[in-house]
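Listed below, chain by chain, are the residues.
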Amino acid sequence: MNAQPEYYWHIQMCYPLGRGGIKIDSLDMLAEPQPIIGTGEWDDWRCRQFKNDLKKGDIVLVLDGNTPIALCEVISDYFTDSDLTAKYYNINFRHVHVISYYSDYNIPPAPQQFSQGAFSSCRQTTGRYAYIQQWLNHIQSMSFIKDCTDLLGVKRNIILQGAPGTGKTYNTAAIALAILGIKNVDLTNRKEVMKVYQSLKDSQIFFTTFHQSMDYEDFVEGLKPKVDKETNAITYPPEDGIFKRACKAVRNDENKNIVECIDAYLQIIKGYENKKEIPTLTGKSNLYVWWNEGNVTISTRSTNSSSTKDETYSPSPLNIEKVKQQALGEGQENNWRQYAEAFINAVKKEYHVTQNKPVVLIIDEINRGNVSKIFGELITLLEADKRDELSVTLPYSKMPFTVPSNLYIIGTMNTTDRSTGTLDYALRRRFAFVTLKADRNLVAKHYSDGQLRDTAVALFDDIQNFISNPQHLCGDFSIDDLMVGHSYFMAQDETELKAKIRYEVIPLINEYINDGILNVTNEQKRVAFAQWCDLNTILAADNISDDSSLDEE
């Protein structure tokens, strides 16, 4: 496929004898064992272009009136076929590969955008070209998102890694929506993606950023001070971290009010004669639970209790308000937390509050935290085949804990940031790594202004050559680790491009130089930065003076 052709094409095949004549279904031609496009035989420039100018690898949009049908790539020279002519009335044919059907894209062109002729070129300066290019970009993006989603479905944990500006943040959001099965949103439309993403925050999408002071107590659970409003006494109940909240969200239905469900369940077990037998958290024994109307506690007793007291005696009563707080994740039952959790699980089961919905946890800058310290013993439970199978007892709540299979973890990692070292091998084995590279084609495709496009692409190439120069590159970094991302070269006008180069690109490269990642002289740096600020390229580094006396300027 041509990376950046001079023009694309569009074709109308439905009226092979001209408007008012026989109409055929273009989809039938594309459904042939070897799909075809075709035209009639006319003594005009359109027919001559189809026969002579259309090349293998060219992109053609098939239309029915103003309605797109499919996007195709030409894969053969012009030919004739009497059997095909008898079937479709067209005379001149080309074999094509169907890249995408409109039903998979479903974004209409502007009115009258493709109203010109049965067969016509779509030059770069036209809205028709921009529409086809937008569709191709959509296909490319969706292919990447699908690959990542498929990988995440198998592995459960992935990390998107790359240099700044390569699209990690946007792609993370799009992949999250895809794995959640969100429909009716164009995953290549940044505004649409971020709007839906924000609406799902803290229900099906959880977000955190790792940093050097983050620990297990912040991420999983820890003891947090709490002041009792009535007594002013300070207690330290266990509080769920974002990882534990995300795991709980997999099995919680926010459409059900758990407090209302608890109140309704109390009415079911009102009186000892209406007691229920429920399993404990381990499932190895059971509890009797009942409620005496007017009491502020729920009566519980193990079915294995050896107490000689009356059978209505409850050795482990649960404070109802504390149980509700525990159900909401806002506190804990002070004395019998595990019994309270077993009671909450029974309520959820009774009212179908539990559902195994997918949830995504996004960890930005995952390599900036001490992952062994943050995850603790839960690293083992991250493996796909350990989900819902192995459990550990958490150190503060003393509750058994498993990682659900429907929790998906997406991390991001800036490959230029080695300030905290690399991820340890234990965590690396549990994640799949996807590298996002700076993409020159995306820079070119961003612009409709040919002059500004050429300037931006030239700057991209020049900066890439500067960074990848063997005399400049140090240590174990590769060009994929350091190349400034394509988003830094994508601007609306020259003023914005200059600002991005001056205030974003140059400071980043200057940081590489100061950190010893790039080995360049002061003169090389001065010349390069001055040229880039004016949106100009520099000469090859070998042609810039390396006179050490200039380093003292």
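Shown above is the structure to which this text applies.
Position labels on residues start from 1 in each chain and follow its written sequence. Given that this is a predicted model, residues contribute local features only at a pLDDT of at least 70 and side-chain atom pairs are listed and counted only at 80 or more, while totals for whole chains, interfaces and linings are drawn from all residues. Hydrogens and water are ignored here; the side-chain numbers use all heavy atoms of the structure.

Caption draft 1: Spotlight on the overall build of the chain. Counting its secondary structure elements, the chain contains 18 helices and 21 strands. With respect to the three principal axes, the spread of C-alpha positions in the chain is 105 × 80 × 40 Å. Restricting to contacts in the chain with at least 6 residues of sequence separation, those with at least 24 account for 64%. Here the open area of atoms and residues is found with the Shrake-Rupley method and a 1.4 Å probe, where only the protein chains shown may cover a residue. When the accessible surface of the chain is totalled, it reaches about 26,700 Å², and 46% of it is carbon and sulfur. Residues counted as positive are Lys and Arg, residues counted as negative are Asp and Glu, and His and the chain ends are not counted. Here the site of a charge means NZ on Lys, CZ on Arg, CG on Asp, or CD on Glu. Charge-centre separation for the chain: the mean point of 58 positive side chains lies 5 Å from the mean point of 73 negative side chains. Counting from the N terminus, the helices are the DSSP runs of H or I reaching at least four residues and the strands are the DSSP runs of E reaching at least two. A contact between two residues is defined here by any heavy atoms of the two lying within 4.5 Å.

Caption draft 2: Structural detail: the nonpolar core. In this text, buried Ala, Val, Leu, Ile, Met, Phe, Trp, Tyr and Cys residues form a nonpolar core when linked through side-chain atoms within 4.5 Å. Whether a residue is buried, partly exposed or exposed follows from its accessible area with a 1.4 Å probe, protein chains only, as a fraction of its type maximum: under 20%, in between, or over 50%, in that order. Among the nonpolar cores identified, the biggest contains 36 residues, and Ile463, Val484, Phe489, Leu497, Ile501, Ile509 and Trp532 are the most heavily contacted of them. Contributing elements (two or more residues each) for this core: α14 (440–446), α15 (450–468), α17 (494–514) and α18 (522–533). In this view, phenylalanine 489 contacts Val443, Tyr447, Ala456, Leu459, Phe460, Ile463, Met483, Val484, Leu497 and Ile501; residues no more than four positions away in its chain are not counted. In terms of nonpolar packing, the next biggest core, distinct from the first, is built from 33 residues, Ile242, Cys247, Leu361 and Val403 among them.

Caption draft 3: Local environment of the packing of aromatic side chains. We call Phe, Tyr and Trp rings a pair once their centres come within 6.5 Å, taking the six-membered ring for Trp, and we label the pair stacked below 30 degrees between planes, edge-to-face above 60, and tilted otherwise. Under the defined criterion, the tally for this structure stands at 22 aromatic pairs. Ring geometry for tyrosine 105 and tryptophan 135: centres 4.9 Å apart, planes at 10 degrees, overall stacked. Taken together, the residues span a long stretch of sequence, with tyrosine 105 in the loop between β5 (92–101) and β6 (119–123) and tryptophan 135 in helix α4 (residues 127–155) at a distance of 30 residues. Three or more aromatic residues joined by ring pairs make a cluster, and in this case those are Tyr102, Tyr105, Phe114, Tyr131 and Trp135. A cation sits over an aromatic face here: arginine 94 above phenylalanine 50, 5.9 Å from the ring centre. Look at NZ for Lys and CZ for Arg. If either is within 6 Å of the ring centre and within 35 degrees of the ring normal, a charge sits over the ring.

Caption draft 4: Structural detail: the environment of isoleucine 268. Here isoleucine 268 lies in helix α9 (residues 258–268). Judged by its relative accessible area of 32%, isoleucine 268 is partly exposed. Along the primary structure isoleucine 268 and lysine 500 are separated by 232 residues, whereas in three dimensions their C-alpha atoms are 65 Å apart. Sequence-distant contacts of isoleucine 268, defined by excluding residues within four places in its chain, comprise Asn274, Lys276, Glu350 and Tyr351.

Caption draft 5: Just the sheet that holds strand β1 (residues 7–12), in detail. The strand order β2-β5-β4-β3-β1-β6 describes an open sheet built from six strands, whose pairing is mixed. This sheet does not close on itself; its edge strands, each paired only once, are β2 (36–39) and β6. Within the sheet, the average angular offset between the axes of one strand and its neighbour, ignoring direction, is 40 degrees. With six bridges connecting them, strand β3 (residues 59–64) and strand β4 (residues 67–74) associate as antiparallel partners. The residue bridging valine 60 from the neighbouring strand is cysteine 72, located in β4. Convention adopted: a line fitted to C-alpha atoms gives each axis, helices being fitted over their contacting stretch, and angles between N-to-C directions are expressed from 0 to 180 degrees. Against the sheet, helix α2 (residues 45–53) makes contact with β1, β2, β5 and β6, and its axis sits at roughly 75 degrees relative to β5, the strand it touches most. Strand pairing is assigned whenever DSSP identifies at least 2 bridges connecting the two strands.

Caption draft 6: Spotlight on the pairing of β1. For β1, a buried count of six out of six residues is recorded, marking the element as mostly surrounded by other parts of the structure. Of the two faces of β1, the one carrying Tyr7, Trp9 and Ile11 and the one carrying Tyr8, His10 and Gln12 are both buried. Sheet analysis places β1 next to β6, joined by five bridges and oriented antiparallel. The residue bridging tyrosine 7 from the neighbouring strand is arginine 123, located in β6.

Caption draft 7: Representation of the sheet that holds strand β15 (residues 297–302) within the structure. Here four strands make up an open sheet; going across it, the order is β13-β14-β15-β16 and the pairing antiparallel. One side of each edge strand has no neighbouring strand; the edge strands of this open sheet are β13 (276–279) and β16 (318–319). Relative to β16, β15 runs antiparallel, the two sharing two bridges. Paired with isoleucine 298 across the bridge in β16 is leucine 318.

Caption draft 8: Expanded view of the environment of valine 392. Take valine 392: it is sitting in strand β18 (residues 392–393). When its relative accessible area of 18% is taken as the criterion, valine 392 is described as buried. Note: C-alpha distance between valine 392 and threonine 402 (ten residues apart in sequence) is 6.8 Å. Apart from residues lying up to four places away in sequence, valine 392 is in contact with Glu377, Leu378, Leu381, Met399, Pro400 and Phe401.

Caption draft 9: Fine view of α2. Listed as buried for α2 are Cys47, Gln49 and Phe50. Seen end-on, α2 carries its buried residues on one side only, within an arc spanning 160 degrees. Contact partners of the buried residues in α2: β1, β2, β5 and β6. By definition, the arc is the one covered by directions from the helix axis to the C-beta atoms.

Caption draft 10: Fine view of the packing of α9 against helix α10 (residues 320–328). Direction vectors running N to C along α9 and α10 enclose 140 degrees, while the axes themselves pass 9 Å from each other. Of the possible angle classes, the one that applies to α9 and α10 is oblique. For α9 against α10, the interelement crossing comes out right-handed. Taken together, the residues of α10 that come into contact with α9 (itself represented by Ile258, Val259, Ile262, Asp263 and Leu266) are Ile320, Val323, Lys324, Ala327 and Leu328. Each residue is assigned to one of three groups, with Ala, Val, Leu, Ile, Met, Phe, Trp, Tyr, Cys and Pro labelled nonpolar, Asp, Glu, Lys and Arg labelled charged, and all others, Gly among them, labelled polar. Across the contact of α9 with α10, the residue classes break down as eight nonpolar, no polar and two charged. What sets the label is the angle itself: under 35 degrees gives roughly parallel, over 145 gives roughly antiparallel, 65 to 115 gives roughly perpendicular, and the rest give oblique. The crossing is said to be left-handed when, going from far helix to near helix, the turn is anticlockwise and less than a right angle, and right-handed when the turn is clockwise.

Caption draft 11: Here's a closer look at the pattern of salt bridges. The salt bridge criterion pairs a side-chain nitrogen of Lys or Arg with a carboxyl oxygen of Asp or Glu, the two atoms within 4 Å. Per the stated rule, a full pass over the model turns up 19 salt bridges. The shortest N-O distance in the salt bridge between glutamate 383 and arginine 430 comes to 2.8 Å. Remark: arginine 430 occurs in the loop between α13 (425–428) and β21 (432–435) and glutamate 383 occurs in the loop between α12 (371–375) and β18; sequence separation between them is 47 residues. A single network of salt bridges, built from pairs that share partners, joins Glu221, Asp240, Lys244 and Lys248.

Caption draft 12: Structural context of the side chain of glutamine 49. Its place among the elements puts glutamine 49 in helix α2. A relative accessible area of 14% means that glutamine 49 is categorised as buried. Excluding residues that lie within four positions of it along the chain, glutamine 49 makes contacts with Trp9, Leu54 and Phe119.

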